[in-house]
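# Remarks on the overall topology
What follows is the residue order along each chain.
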Amino acid sequence: MKADLAILGGGQLAQMLGAAAQTLGITCRALDPSPNACAAETCEMIAGNFDDPAAIARLVGGVDALTFEFENVPTSALLEAEKLGVAVRPNAEALRAASDRLLEKNLFRSIGMRVPPFVPVSTTSELHDAADTIGVPFLLKARSGGYDGRSQAVVRDRADVERAWSSIGYSACIAESMVSLRGEVSVITCRAMTGETRIYPLSANEHRDGILIRSVSPADVTEELAATATAWARALLDRIDYVGVLALELFVTPDGLLANEFAPRVHNTGHATIEASQTSQFENHIRAVLGLPLGSTEPLCHSVMRNFIGNIPRSSRSQTDAGTFVHDYGKIARPGRKLGHITFTGDSPGSVCALESRFVASL
Ligand code: AMP
């Protein structure tokens, strides 16, 4: 079958990209190692490995561009697609920076974004030096391969450093100061090939065990904070000549904003844009990577999004409240796995909270 856009990864993000593409009359083909990948609901699927050149060739046959739905794909897959003459958007540089915490933090610093104090660690002596330089407690974060709080360990005191490092397999890390968090926010952005940039209102995000559980949009933040977040995001997009949706995650601390990380893709904290924005992040990503004009990122209403992690509550299946939208990705349940989400919308934060409270009481 002819497809317009190839996607590396066949999870729920590819599923929602595929759904948005369908509304534009665009077809997507996705590659995933699992034969049961949930993107099959909206995309033509290829089962295969990301490092298999034959699978990449089948994926990109006849498409206009290749994109990806998560950052742990090998850059070799992007290079393989480029070799076959397919445009890769966003570019490999963005993927490289987002999948290596040291490159990412250095990139942030180079464009004037503030970050928590950190040092690179790749030897035992550097690990002990880190305790002197940034003090305890600190976080050890593997430079690559980690997401949703995985590949991280807290170092509470000096006696703990070896245990913490062994728990993440002695991989090359950054040691990062534990900062005092007043909250966490993200800004979802979209940049077109022309450089035109659209920015969604900030979301305020709550995590448990490193996994996003709830996102409120627009976030209740000062104009100054929102202006800093959007200026940083614009600087980042321009620096890496980015095309597509990018999510920038930030810490709100007593001393102001600090940059944590960015995702070179559509993002969990932007799911409410499906119902709560003029154009969803998924549609805007498709538009950007295929060179179509971007849609408006203006909010239509207030929203709260909650993830279903490990199980989908029975009561969500009988939700009939106006303004409540249940998304079941059709995945097999497993502890810690994102299986779906629910979005509550309304014309005020109070009305959204009322819907959410009614749902929570039903659990
Ligand atoms: P990350 O994978 O870096 O996004 O980290 C997952 C979660 O751990 C974040 O969303 C924060 O809640 C928490 N976290 C990460 N880094 C720090 C830090 N330097 N100080 C305090 N909390 C952090």
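One can find the structure itself at the top, above this paragraph.
The structure contained in this document is the topic of the report that follows. (Residues numbered from 1 in each chain as written. Predicted model: local features only at pLDDT ≥ 70, side-chain atom pairs only at ≥ 80, totals over all residues. Heavy atoms only, no water.)

With that out of the way, let us pick up the site of the ligand. Neighbouring the ligand are 15 residues; Lys141, Gln152, Glu176, Ser177 and Glu184 lie closest to it. Within the side chain of Arg101, a nitrogen or oxygen atom sits 3.1 Å from an oxygen atom of the ligand. Here an oxygen atom of the ligand and a side-chain polar atom of Asn260 are 2.9 Å apart. Here the ligand, which alone exposes 470 Å², has 88% of that area covered by the protein. When residues of the shell around the ligand are traced back to their parent elements, those giving at least two are β7 (138-142), β9 (173-177) and β15 (256-263). Of the residues that constitute the shell around the ligand, the class distribution is 5 nonpolar, 5 polar and 5 charged. (Near = heavy atom within 4 Å. Polar contact = N/O pair within 3.5 Å; in protein donor to acceptor, adjacent residues only side chain to side chain. Areas by Shrake-Rupley, 256 points an atom, 1.4 Å probe, with all protein chains shown as cover. Helix = DSSP H or I, 4+ residues; strand = E, 2+ residues; numbered from the N terminus. Nonpolar A, V, L, I, M, F, W, Y, C, P; charged D, E, K, R; others polar.)

Let us now look at the side chain of Thr42. Looking at the element boundaries, Thr42 is found in the loop between β2 (28-32) and β3 (44-47). The residues touching Thr42, leaving out its near neighbours within four places in the chain, are Ala14, Gln15, Gly18, Ala19 and Gln22. (Contact = heavy atoms within 4.5 Å.)

Once that is clear, we can look at the nonpolar core. By size, the foremost hydrophobic cluster in this structure holds 31 residues, and its most contacted members are Leu236, Leu248, Leu250 and Phe262. Looking at this core, the elements with two or more residues in it are α4 (92-98), α5 (101-110), β10 (183-191), α8 (223-239), β14 (244-253) and β15. Among the elements that line this core, the one with the most residues is α8, at 6 residues. Ignoring any residue separated from it by four or fewer positions in sequence, one finds Phe262 in contact with Glu71, Ala94, Ala97, Ala98, Glu104, Leu107, Phe108, Leu236, Ile240, Leu246, Ala247 and Leu248. Counting 30 residues, the second-largest nonpolar core is a separate cluster that includes Ala14, Met16, Val266 and Leu294. (Core = buried A, V, L, I, M, F, W, Y, C linked by side-chain atoms within 4.5 Å. Buried < 20%, exposed > 50% of the residue type's maximum accessible area, 1.4 Å probe, protein only.)

Further remarks concern the pattern of salt bridges. It is possible for side chains bearing opposite charge to pair when their charged atoms get close. Scanning the entire structure with this criterion turns up 18 salt bridges. Note that Arg214 and Glu206 form a salt bridge whose closest N and O atoms lie 2.7 Å from each other. Judged by relative accessible area, Arg214 falls into the buried class, the value being 16%. Overall, the relative accessible area of 36% leaves Glu206 in the partly exposed class. Taken together, the salt bridges that share partners define one network made up of Glu206, Arg214, Arg306 and Glu356. (Salt bridge = Lys/Arg side-chain N within 4 Å of Asp/Glu carboxyl O.)

What follows is about the packing of aromatic side chains. The full count for this structure, using the stated rule, is 5 aromatic pairs. Between Phe108 and Phe262 the ring centres are 6.0 Å apart and the planes differ by 55°, which places this aromatic pair in the tilted class. Taken together, the residues span a long stretch of sequence, with Phe108 in helix α5 and Phe262 in strand β15 at a distance of 154 residues. Each member of the pair Phe108 and Phe262 is classed as buried. Plain terms: the ring middles of Trp165 and Tyr170 are 5.4 Å apart, the flat faces sit at 75° to each other, and that makes the pair edge-to-face. Its relative accessible area of 4% is what places Trp165 among the buried residues. Following the ring pairs from residue to residue traces out a cluster consisting of Phe308, Phe344 and Phe359. (Phe/Tyr/Trp six-rings, centres within 6.5 Å; stacked < 30°, edge-to-face > 60°.)

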